[in-house]
Amino acid sequence: MTTTPIISARGLSKRFRGPAGAAVVAVSDLTMDVEAGPLTAFLGPNGAGKSTSLRMLTTLLEPTGGTARVCGFDVAQQPAEVRARIGYIGQKNGAGQYQRVRDELLSQGALYGLGRVERRRRVDELLEVLELGELADRPTMKLSGGQRRRVDIALGLIAAPRLLFLDEPSTGLDPQSRAHLWAHLITLRERYEMTLFLTTHYLDEADQFAERVLVVDRGRLIADDSPAGLKARLAGDRITLTVTSDSGSASATDDVAHLVRRAARESGAPDAEPTLAETAVGTRLAISVHHGDRVLPRLVLDLHASGHHVVAAELARPTLDDVFLTLTGRSLREDHPGEPAADPIPATAGAL
Ligand SMILES: Nc1ncnc2c1ncn2[C@@H]1O[C@H](COP(=O)(O)OP(=O)(O)OP(=O)(O)O)[C@@H](O)[C@H]1O
């Protein structure tokens, strides 16, 4: 049975006029279908076009090319229909400064046209689920970054959307607040059967929580798979061995390299050369393989049977950053050196 995707984009593009009138292609030819259900993470370096894509999908920005349908409606032709069915939590705070948390949420409910009783019921429920009850009478300006972000999420959920877009929901939060926020997102998703589509710079979050990862770079979609699928296809496991040989000759090193290369090839990994380095304790070799947990013990036995001794062995599972490196030739972390720990989340913007 085929189901209608909750998000469907065809050749979606956005050009801006940059400085001196030059065109900036923020999003180029984005084509994708996103089914309702799986948590989808949109990854890419700074300036890749993630926020612009989200803003087009949420009707905040008009595309300059292509089309997109969200919850079955065209973002350009039927923006009100789209808005009625989605929530959007932008990079910056939606919560005002002086209103109390509960009042802020009630005002948002009124904005969405919820009746008085329904509005109160919904606000009480969100305060409870997001553990904001004790903070309900505080002005939002007196909340911590993590607490404000939870208020943002409550604002985005007031109209019970089927689909929630989040632009970097956890940026600027300390690790504990990030974990807390994620626990809430997962609870909310289950409780309201919502589809979450989000951008994040934290690859570990995407790895842990996303069921599907879309990677964009320079406005283009360059990969689309589950985190496990991406890692298996693009990065493989990394085996690093330090080996000594009885003879210690150059031909012994060649033999070791041959055995390592063969093991990698037999695992189905691309026919790559191991990297070699002479160290004080022996020759160190590193190579990418598939199913490293199975390859490594067999390789150690094969090397031993051929007169080589493995003095150290390491198996590293790939990360999404390895995938990104393979895809783009650079690390996503380079774009975010020393991720901010607990920066306050800036004011303005927020839920639709
Ligand atoms: N209003 C605008 N006018 C001109 N250029 C813009 C505008 N908004 C975005 N851009 C440019 O479009 C490109 C994509 O920007 P976008 O904000 O979508 O990237 P991003 O992937 O969300 O980045 P980040 O991770 O830093 O949030 C960038 O080159 C950006 O400078």
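It should be emphasised that the depicted structure is a prediction, and the values quoted were computed from it without experimental measurement. (Residues numbered from 1 in each chain as written. Predicted model: local features only at pLDDT ≥ 70, side-chain atom pairs only at ≥ 80, totals over all residues.)

**Things to note about the pairing of strand E1 (residues 7-17)**
- Two strands pair when backbone bridges link them, and E1 and strand E4 (residues 65-70) are joined in this way by five bridges, in the antiparallel orientation. Its bridge partner being in E4, Arg10 is matched across the sheet by Thr67.
- Here E1 pairs with strand E2 (residues 23-34) via eight bridges, running antiparallel. Bridging from a neighbouring strand, Leu12 pairs with Leu30 of E2.
- From the end of E1 to the start of E2, which pair antiparallel, there are five residues, and Ala20 there has a positive phi angle of about 60°. (Pairing = 2+ DSSP bridges. Helix = DSSP H or I, 4+ residues; strand = E, 2+ residues; numbered from the N terminus.)

**A few points about unusual backbone geometry**
- For Asp29, which is not glycine, the phi torsion reads 60° and is therefore positive.
- As for its placement among the helices and strands, Asp29 is situated in strand E2.
- Phi is positive for Glu131, close to 50°, though the residue is something other than glycine.
- By the element assignment, Glu131 lies in the loop between helix H4 (116-129) and helix H5 (145-157).

**Things to note about the site of the ligand**
- Close contacts around the ligand come from Phe16, Gly18, Val24, Ala26, Gly44, Asn46, Gly47, Ala48, Gly49, Lys50, Ser51 and Thr52, and that covers them all.
- When contributions to the shell around the ligand are tallied by element, the ones reaching two or more residues are E2 and helix H1 (50-57).
- The biggest single contributor to the shell around the ligand is H1, with three residues.
- Residue classes in the shell around the ligand are distributed as four nonpolar, seven polar and one charged. (Near = placed C-beta within 6 Å. Nonpolar A, V, L, I, M, F, W, Y, C, P; charged D, E, K, R; others polar.)

**Things to note about the environment of Leu234**
- Mapped onto the fold, Leu234 is located in helix H8 (residues 227-235).
- On the basis of neighbour counts, which here come to 19 C-beta atoms within 10 Å, the residue Leu234 falls in the partly exposed class.
- Setting aside chain neighbours within four positions, we find Leu234 in contact with Val323, Thr326 and Leu327. (Buried ≥ 20, exposed ≤ 12 C-beta atoms within 10 Å, placed from the backbone. Contact = placed C-beta atoms within 7 Å.)

**With respect to the packing of helix H9 (residues 250-266) against helix H10 (residues 292-305)**
- Interhelical geometry of H9 versus H10 gives an angle of 150° and a closest axis separation of 10 Å. Between H9 and H10, the angle is such that the two are roughly antiparallel. In this structure, the crossing between H9 and H10 has a hand that is right-handed. In this structure, H9 uses Val256, Leu259, Val260 and Ala263 to contact H10, whose residues at the interface are Val295, Arg298, Leu299, Asp302 and Leu303.
- The residue makeup of the contact of H9 with H10, split by class, is seven nonpolar, no polar and two charged. (Axes fitted to C-alpha atoms, helices over the stretch in contact; angles between N-to-C directions. Parallel < 35°, antiparallel > 145°, perpendicular 65-115°, else oblique. Left-handed = near helix turned anticlockwise from the far one by under 90°.)

**Topic: the sheet that holds E2**
- With antiparallel pairing, four strands are arranged side by side in an open sheet as E2-E1-E4-E5. In this open sheet, the two strands that pair with only one neighbour each are E2 and strand E5 (73-74).

**Observations concerning the environment of Leu285**
- Here Leu285 lies in strand E13 (residues 282-289).
- Classification of Leu285 by C-beta neighbours within 10 Å gives buried; the count is 23.
- Beyond its immediate stretch of four places on either side in the chain, Leu285 contacts Leu241, Val243, Val256, Ala257, Val260, Pro274 and Leu276.

**Details of the pairing of E13**
- Among the eight residues in E13, six count as buried, and that is most of the element.
- Pairing of strand E11 (residues 237-245) with E13, which is carried by seven bridges, proceeds in the antiparallel orientation. Counted as the bridge partner of Thr240 is Ala286 from E13.
- In terms of strand pairing, strand E12 (residues 275-279) meets E13 through five bridges, oriented antiparallel.

**What about helix H3 (residues 101-111)?**
- Those residues of H3 lying buried are Val101, Glu104, Leu105, Gln108 and Gly109. Viewed along the axis of H3, the buried residues span an arc of 140°, placing them on a single side of the element.
- At its buried positions, H3 is contacted by H4 and H5.
- Gly113 sits one or two positions beyond H3 and adopts a positive phi of about 80°. (Arc of directions from axis to C-beta.)

**Focus: the nonpolar core**
- One finds Leu57, Val70, Ala154, Leu163, Phe165, Phe197 and Val213 to be the most contacted residues of the largest nonpolar core, which totals 65 residues.
- The element that contributes the greatest number of residues to this core is H5, accounting for five residues.
- With sequence-adjacent residues up to four places away left out, Phe197 is seen in contact with Ile7, Val34, Thr40, Phe42, Leu163 and Phe165. (Core = buried A, V, L, I, M, F, W, Y, C linked by C-beta atoms within 7 Å.)

**With respect to H10**
- Over its 14 residues, H10 extends 20 Å from the first C-alpha to the last, a length consistent with the 20 Å expected when each residue adds 1.5 Å.
- Among the residues of H10, Gly292, Val295, Leu299 and Leu303 are the ones counted as buried. Down the axis of H10, the smallest arc covering the buried residues is 60°, so these residues share one side. Residues of H10 that are exposed and point more than 90 degrees away from the buried face comprise Asp293, Arg294, Pro297, Arg298, Leu301, His304 and Ala305. (Expected span 1.5 Å × (residues − 1).)

**Examining the packing of H3 against H4**
- Between H3 and H4, whose axes approach to 9 Å, the crossing angle comes to 135°. Viewed along their axes, H3 and H4 adopt a mutual orientation that is oblique. Taken as a pair, H3 and H4 cross one another with a handedness that is right-handed. Of the residues in H4, those in contact with Arg102, Leu105, Leu106, Gly109 and Ala110 of H3 are Arg119, Arg122, Val123, Leu126 and Leu127.
- Tallied by class, the residues present in the contact of H3 with H4 amount to six nonpolar, one polar and three charged.

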